[in-house]
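Chain by chain, the residues run as shown.
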Number of protein chains: 2
Amino acid sequence: MIKQRLENLRKEMKKEGVHAYIIPTSDFHETEQVATYFQARKWMSGFTGSAGVLVVLLDKAALWTDGRYFIQAPKELKGSTIELMKAGMEGTPTIVEYITSNLKEGMCVGFDGRTINANDARKYEQAFGFHGLSLKVDEDLVGRIWTDRPAMPCAKTFYYDEKYSGRTINEKLEMVRKEMKLAYANSYVITKIDEIAWLFNIRAQDIEHVPLPLSYATVTLQDATLYINQSRLDAISRAKLVQANVCVKDYMDIYEDCMELKGPVLVDPSSANSKIVFSIKEKLVEMQSPVILLKARKNEVELASTRIAHIKDGVAVTKFMYWLKKNIGKVEMTEYSAALKLHEFRAQQPNFFDDSFSTIPAYGANAAMMHYHATEEDCATLKPEGFFLVDSGGHFFEGTTDITRTFVLGPTTEEERIWFTRALRSHIRLAKANFLFGCKGFNLDILSRGPLWDYDMDYQCGTGHGVGHLSNVHECPNGFRWRIVPERNDSCVLEEGMIQSNEPGVYIEGVLGIRHENEYVVQKGNKNHYGQFMHLECLTFVPFDREAIDPSLMNQDEIEWLNNYHKECVEKLSYGLEEDELDWLKEICKPL
Amino acid sequence: MIKQRLENLRKEMKKEGVHAYIIPTSDFHETEQVATYFQARKWMSGFTGSAGVLVVLLDKAALWTDGRYFIQAPKELKGSTIELMKAGMEGTPTIVEYITSNLKEGMCVGFDGRTINANDARKYEQAFGFHGLSLKVDEDLVGRIWTDRPAMPCAKTFYYDEKYSGRTINEKLEMVRKEMKLAYANSYVITKIDEIAWLFNIRAQDIEHVPLPLSYATVTLQDATLYINQSRLDAISRAKLVQANVCVKDYMDIYEDCMELKGPVLVDPSSANSKIVFSIKEKLVEMQSPVILLKARKNEVELASTRIAHIKDGVAVTKFMYWLKKNIGKVEMTEYSAALKLHEFRAQQPNFFDDSFSTIPAYGANAAMMHYHATEEDCATLKPEGFFLVDSGGHFFEGTTDITRTFVLGPTTEEERIWFTRALRSHIRLAKANFLFGCKGFNLDILSRGPLWDYDMDYQCGTGHGVGHLSNVHECPNGFRWRIVPERNDSCVLEEGMIQSNEPGVYIEGVLGIRHENEYVVQKGNKNHYGQFMHLECLTFVPFDREAIDPSLMNQDEIEWLNNYHKECVEKLSYGLEEDELDWLKEICKPL
């Protein structure tokens with residue numbers, strides 16, 4: 001089947017005179033997860049992983065993916081004639097090296113310009129041009145042969161009321177235009193769906209767990225236009241848009257319209273697709289999309305509302321914890337069925353909208369695999385011993401949550417308790433941080449990572465990511481990481497109102513996986529002649545499982561933090577619990 | 001006098017058609033301290049501070065300096081007709097704003113192109129060009145009127161033997177040419193005197209406490225040339241240079257020769273003076289000067305030798321500490337006389353060359369002023385109470401040291417002991433750091449600063465700076481700071497062999513000043529599948545004054561670190577101490 005698809009694509013490539021065709025894993029908006037309509041790479045290769053680039057030549061093909069998929073990819077590619085390229089490993093050619101070494105001067109490389117951002121497209125242009133290859137970027141060749149392609153997402157939109165979002169469309173447009181003026185831009189093209197959803201207070205369930213409608217937008221100093229499949233628009237959103245003088249046009253109209261924009265035109269070339277950017281003939285102002293920071297600094301209404309979402313979420317997860325503890329060893333349960341149970345508790349909460357991502361339930365050594373995915377058919381049975389790591393979150397109308405707890409299901413080993421406590425110290429050290437305004441995530445990361453580095457141990461991923469408000473659960477530009485990777489855009493100055501996770505962990509292959517994750521919002525503290533001090537306000541309230549905590553490994557200030565935190569858990573969660581649940585909660589939240 | 005000099009300068013400006021003349025505080029090499037020959041800004045303005053820019057217009061003049069000098073500058077400028085501009089304060093115009101608002105289109109701005117680096121000159125060019133002003137950068141107008149100008153430094157050079165430097169000139173040239181090839185450069189112009197001194201193993205006492213000869217250098221893939229006043233060269237250096245096929249030419253010949261260099265020509269525009277950079281007509285490769293990193297990664301010979309220098313220095317400072325403790329309240333002493341005594345102890349050590357900077361001896365509240373300068377005429381008398389902070393260092397032939405200790409002269413207050421201990425915790429937290437390779441100073445800075453930030457307190461300066469090897473006591477590109485300031489170039493990846501200080505402090509205006517400074521070299525630790533772990537090896541050994549340490553404020557691991565450190569002090573220093581000194585040392589180094 002894959003072979004046939006490759007052959008069909010090659011026929012189209014020959015028609016167009018294309019000798020190499022690049023198929024990335026992206027939609028037209030650089031969305032982290034892509035709707036089925038955009039899963040061309042998966043359809044063409046059979047590889048189901050979340051990251052990968054397929055390159056098809058006339059006589060062979062190869063797929064680049066990263067270390068997460070070095071076991072899964074060969075299985076899925078078997079029999080496809082597609083060669084696996086282990087990205088980043090010694091000896092693996094880059095995509096550019098592969099194409100330039102297989103093509104001859106004068107040949108042509110193609111891709112759908114809408115699926116590759118302007119920065120990446122320019123790099124391709126430069127590298128291929130250097131080797132005498134031409135580019136053809138205006139044809140979706142996969143689209144021509146994909147006869148049963150799924151439809152574009154078209155769920156009904158809904159207006160995200162100001163009682164949650166805190167600002168009217170007009171207020172937001174005013175904020176945006178202020179930024180445009182500072183950048184000397186007359187027009188601004190917005191292509192990221194989370195930015196557009198924020199700007200127009202609009203939501204829709206287009207992609208699983210991502211409540212954002214596929215759309216584009218342009219803002220000028222006078223006008224604003226939303227490009228969206230118009231039949232999708234609900235009546236309230238339509239009325240609100242009209243009221244704010246926002247013009248609504250069809251999704252694909254952006255490509256013609258952006259050629260008419262008055263320059264200078266502000267675009268973010270790290271996310272705007274190359275077809276749009278290259279079609280603008282006016283002067284460009286290239287910079288980080290100003291909406292990113294406006295959106296990341298949550299306003300008071302968003303924060304108040306988010307606090308409510310977290311309390312509901314805390315009640316649901318605490319009920320789940322109680323249920324686990326009472327039933328483990330008595331009721332049969334698997335990773336998968338337990339995750340369903342957790343979903344049930346969340347869904348019982350008022351204003352629940354969706355899980356914010358696919359729950360990761362990982363028992364014992366499974367939790368050492370950071371991208372472990374349990375399915376109904378293939379998952380572990382829970383036993384009354386060791387750790388059960390559950391990473392999950394909810395979209396409530398009030399906001400988005402993300403939490404990981406590592407639950408103790410029965411007897412634990414000393415090694416398990418030691419690492420559980422060390423990882424908890426990591427969490428607490430960062431949670432307690434007091435820092436001067438101006439700090440970025442990389443200044444603070446070692447507070448969390450350091451206590452594990454002390455044992456020559458690392459969790460090999462970021463300590464925390466920004467979180468959206470009924471939006472992406474991973475939101476830039478704030479976060480906690482120690483390395484600066486410009487493409488990742490998660491190292492901004494930590495400003496008041498920014499929400500991010502704190503999720504250090506310990507992962508020992510074949511043995512155990514532990515993660516302790518809460519969300520925190522940056523708040524102002526004291527201002528004195530040294531500057532403005534900042535700290536983190538905790539949003540997440542669910543006890544850490546004391547059965548694996550060894551207080552003798554903790555400093556006194558860490559124990560105090562934990563005791564206060566557990567006291568707050570009781571205060572905040574009791575309203576939503578049954579009597580037996582509350583009695584149990586009080587017991588497990590007693591001071592250490 | 002100043003008025004007359006300004007008038008004389010204005011005559012020269014008129015002759016040249018210059019309407020604004022900029023006089024920075026720099027030599028032709030961006031050296032941190034400049035020799036008297038180059039102190040044109042001081043001579044023209046009367047202002048003696050270490051930082052400042054004078055701008056002379058035909059009818060007025062202004063001097064920009066920073067917060068360190070807002071008290072001193074007005075006194076020194078009084079009667080000069082020069083207006084003080086408090087740089088960075090609200091309402092203060094920038095130099096560009098001042099000049100563009102006072103000059104009219106078509107007018108001309110001048111400076112000596114040798115005193116302004118290429119990056120800064122380009123910024124001026126762009127800004128003034130935008131306002132229709134022309135530039136004249138090839139005349140040293142101050143030089144024309146400065147009749148009693150001091151001579152250029154011309155101390156005899158000496159060869160810095162390979163037994164200290166660890167590499168021959170040829171070995172170093174080979175390292176440099178390897179970097180040039182990686183950068184696709186055929187030629188390389190080196191203008192920083194510390195880089196040239198490293199490359200040619202040459203030293204001289206040109207500037208107080210800075211043992212580096214004024215010179216330029218060019219390296220091509222085939223040849224190397226040292227530009228220096230030839231009469232200064234000692235016989236050994238001359239022989240070694242000949243042996244390494246290094247051509248020697250006169251100091252000023254660089255300006256003609258660099259026009260003949262084969263391109264691409266590597267230059268570092270952040271330090272190379274604009275006259276040199278702009279005179280090169282070949283293609284430029286602009287990047288950080290490769291010698292910077294080669295020099296910062298100390299080799300095994302340099303490290304072994306530096307360890308010896310630090311032990312000698314430790315003996316000297318420990319003897320001084322003993323002398324202080326025995327004599328305070330009995331012998332009359334001032335900040336100034338105590339510093340002289342310390343110099344005496346250092347100078348007694350074999351192979352002592354010079355102090356590595358002017359000792360900062362600061363008693364009591366004086367130590368709260370970070371740039372406090374005690375003179376014989378104006379300094380405090382030491383009393384048997386409170387703290388005496390002494391920041392000092394030595395150049396030995398084996399290497400350069402920098403240490404601060406805060407000595408207890410008698411009874412202390414509880415507040416003093418609390419802050420002393422907290423600042424010590426800051427020092428220890430960073431000293432104990434274990435971190436993955438790839439970390440930069442800004443990843444680690446909070447280890448030291450965090451324990452003070454916890455009390456809404458900040459020391460408002462870097463935690464540590466790189467240190468040269470019989471070279472500048474402040475050396476880029478390594479260091480510990482939390483903010484990235486590109487011009488400062490002190491945020492590189494911390495690599496094996498890099499030496500930097502760790503010097504957190506507490507400064508409370510009018511009350512006290514505390515600083516605890518040691519030097520540390522980056523070393524490799526365990527390598528496992530998480531990566532290469534790194535840690536800091538301590539170079540400095542002098543006890544921290546236990547009389548102000550309150551162990552109840554420290555964590556157990558911090559106390560352990562300190563006890564081990566004090567044990568090492570006894571082991572390493574005893575060889576150089578008299579019996580009474582050693583008995584005392586053992587007593588004050590007992591475990592807490």
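Please refer to the structure higher up on the page.
Rules and cut-offs
- Residues numbered from 1 in each chain as written.
- Chains lettered and ligands numbered in written order.
- Predicted model: local features only at pLDDT ≥ 70, side-chain atom pairs only at ≥ 80, totals over all residues.
- Heavy atoms only, no water.
- Helix = DSSP H or I, 4+ residues; strand = E, 2+ residues; numbered from the N terminus.
- Rg over C-alpha atoms; globule rule 2.2 N^0.38 Å.
- Buried < 20%, exposed > 50% of the residue type's maximum accessible area, 1.4 Å probe, protein only.
- Expected span 1.5 Å × (residues − 1).
- Pairing = 2+ DSSP bridges.
- Axes fitted to C-alpha atoms, helices over the stretch in contact; angles between N-to-C directions.
- Contact = heavy atoms within 4.5 Å.
- Least-squares fit on C-alpha atoms with pLDDT ≥ 70 in both.
- Arc of directions from axis to C-beta.
- Polar contact = N/O pair within 3.5 Å; in protein donor to acceptor, adjacent residues only side chain to side chain.
- Phe/Tyr/Trp six-rings, centres within 6.5 Å; stacked < 30°, edge-to-face > 60°.
- Lys NZ or Arg CZ within 6 Å of the ring centre and 35° of its normal.
- Patch = residues over 30% accessible without salt bridge, like charges linked within 9 Å, V, L, I, M, F, W, Y side chains within 5 Å.
- Areas by Shrake-Rupley, 256 points an atom, 1.4 Å probe, with all protein chains shown as cover.
- Salt bridge = Lys/Arg side-chain N within 4 Å of Asp/Glu carboxyl O.
- Lys, Arg positive; Asp, Glu negative; His and termini not counted.
- Charge placed at Lys NZ, Arg CZ, Asp CG, Glu CD.
- Buried area = accessible area lost by both parts, 1.4 Å probe.
- Nonpolar A, V, L, I, M, F, W, Y, C, P; charged D, E, K, R; others polar.

J.: Mind showing me how you'd approach the overall build of chain A here?
T.: A tally of helices and strands in chain A yields 19 helices and 28 strands. The C-alpha atoms of chain A give 25 Å as radius of gyration, which agrees with the globular expectation for 592 residues (25 Å, within 12%). Oriented by its inertia axes, the alpha-carbon framework of chain A measures out at about 70 × 55 × 45 Å. Looking at the 592 residues of chain A, the share that counts as buried comes to 61%.

J.: Looking at this model, I keep getting lost on helix 16 (residues 414-431) of chain B. Mind explaining?
T.: Given 3.6 residues to a turn, an α-helix orients residues that are three or four positions apart in the same direction. Look at helix 16 of chain B: 26 Å from first C-alpha to last across 18 residues, which is about the 26 Å you get at 1.5 Å a residue. Judged by how many residues are buried, helix 16 of chain B sits mostly within the fold: 13 of 18 residues are covered.

J.: Any chance you could explain the sheet that holds strand 16 (residues 360-363) of chain A here in plain terms?
T.: Pairing between the strands of a sheet is mediated by backbone hydrogen bonds and can be parallel or antiparallel. Residue and element names in this part refer to chain A. One open sheet holds the 3 strands; their spatial order is 16-17-20, and the pairing between them is antiparallel. Pairing within the sheet leaves two strands with one partner each, and these edge strands are strand 16 and strand 20 (403-408). Across this sheet, the average inter-strand angle for adjacent strands is 10 degrees, counted without regard to direction. Taken together, the 6 bridges between strand 17 (residues 387-392) and strand 20 define a ladder with antiparallel strand orientation. By the bridge assignment for strand 20, Asp391 is matched with Thr404. Packed on one face of the sheet, helix 14 (residues 300-327) meets strand 17 and strand 20 and runs near 20 degrees to strand 20.

J.: Would you explain the relation of the copies chain B and chain A in this entry?
T.: The operation linking the two copies of the chain is a rotation about an axis combined with a translation along the axis. With an axial shift of 0.0 Å and an RMSD of 0.1 Å, the rotation relating chain B to chain A amounts to 180 degrees. These values place the two chain copies in the arrangement generated by a two-fold rotation axis. Closest approach to the rotation axis among the C-alpha atoms of chain B is made by B:Asn443, whose C-alpha sits 2.5 Å away. Most of the interface of chain B is mirrored in chain A, where 100% of its interface residues again form contacts.

J.: Looking at this structure, how should I read the environment of A:Gly143?
T.: Residues and elements named next belong to chain A. Along the chain, the position of Gly143 falls in helix 6 (residues 141-145). The class of Gly143 is partly exposed, set by a relative accessible area of 26%. Note: C-alpha distance between Gly143 and Tyr37 (106 residues apart in sequence) is 9.7 Å.

J.: Help me out: how do you make sense of helix 1 (residues 2-16) of chain B in this one?
T.: All names here are of chain B. Helix length check: helix 1, at 15 residues, gives a terminal C-alpha distance of 21 Å against a target of 21 Å (1.5 Å per residue), a fit within 8%. Turning to helix 1, its buried residues are Ile2, Arg5, Leu6, Leu9, Arg10, Glu12 and Met13. One side of helix 1 carries all its buried residues, which in axial view fall inside an arc of 165 degrees. Seen from the buried face of helix 1, the exposed residues on the opposite side, beyond 90 degrees, are Lys11, Lys14 and Lys15. Those residues of helix 1 hidden inside the fold are in contact with strand 1 (20-23), helix 2 (40-45), strand 2 (53-57), strand 3 (61-65), strand 4 (82-86) and helix 6 (141-145). Phi turns positive one or two residues past the end of helix 1, at Gly17, with a value near 70 degrees.

J.: It is not clear to me how the sheet that holds strand 20 (residues 403-408) of chain B should be interpreted in this structure. Could you clarify?
T.: All names here are of chain B. Strand order in the open sheet formed by 3 strands is 16-17-20, with antiparallel pairing between adjacent strands. Lying at the two open borders of the sheet, with one neighbouring strand each, are strand 16 (360-363) and strand 20. Here the average twist between neighbouring strands, direction ignored, is 10 degrees. Packed on one face of the sheet, helix 14 (residues 300-327) meets strand 17 (387-392) and strand 20 and runs near 20 degrees to strand 20.

J.: Please explain the side chain of A:Asp545 as it appears in this structure.
T.: Residue and element names in this part refer to chain A. Summarising the element assignment, Asp545 is placed in the loop between strand 28 (531-538) and helix 18 (556-573). Its relative accessible area of 4% is what places Asp545 among the buried residues. Side-chain polar atoms of Asp545 contact the backbone nitrogen of Val408, separated by 2.8 Å. Setting aside residues up to four positions removed in sequence, Asp545 forms contacts with Met321, Lys325, Thr406, Phe407, Val408 and Phe420.

J.: Would you mind showing me how to read the packing of aromatic side chains here?
T.: Each pair of aromatic rings is reported with the distance of its centres and the angle of its planes. Counting across every chain of the model gives 49 aromatic pairs over all chains. Taking the centre distance of 5.4 Å and the plane angle of 80 degrees together, the rings of B:Phe47 and B:Tyr69 count as edge-to-face. Within this pair, whereas B:Phe47 is found in the loop between helix 2 and strand 2, its partner B:Tyr69 is found in the loop between strand 3 and helix 3 (72-77), the two being separated by 22 residues in sequence. Across the pair, exposure class does not vary: B:Phe47 and B:Tyr69 are buried alike. Aromatic rings pair up to connect A:Phe158, A:Tyr160, A:Tyr164, A:Phe353 and A:Phe397 into one cluster. The side chain of A:Lys275 reaches across the aromatic face of A:Tyr255, ending 5.1 Å from its centre. When the ring centre of A:Phe544 is taken as origin, the NZ or CZ atom of A:Arg405, which lies over that ring, is 3.9 Å away.

J.: Can you help me understand the pairing of strand 24 (residues 499-502) of chain B in this one?
T.: In this structure, strand 24 of chain B lies alongside strand 27 (residues 518-528) of chain B, joined through 4 bridges in antiparallel fashion. Residue pairing in the sheet places B:Asn502 in a bridge with B:Asn518 of strand 27 of chain B.

J.: Is there a simple way to think about a negative patch on the surface in this case?
T.: A surface patch of negative charge is lined by A:Asp250, A:Asp253, A:Glu256 and A:Glu260. The exposure class assigned to A:Asp250 is partly exposed, which follows from its relative accessible area of 38%.

J.: I'm lost on the interface of chain B and chain A in this one. Help?
T.: When the parts of a complex come together, some accessible area is lost, and that lost area is often taken as the interface size. Taken together, the 27 residues of chain B in the interface contact 27 residues of chain A. Taken over both partners, the interface formed by chain B and chain A buries close to 2500 Å², and the fraction arising from carbon and sulfur atoms is 54%. Across the chain B-chain A interface, the total number found is 0 salt bridges. Summed over the shared surface of chain B and chain A, the number is 12 residue pairs in polar contact (both at pLDDT 80 or more). Of all the elements in the fold, those that place two or more residues in the side of chain B that touches chain A are strand 21 (434-436), helix 17 (441-453) and strand 27 of chain B. The dominant element in the side of chain B that touches chain A, judged by the number of residues it contributes, is helix 17 of chain B, at 6 residues. Its residues assigned to classes, the side of chain B that touches chain A comprises 15 nonpolar, 8 polar and 4 charged.

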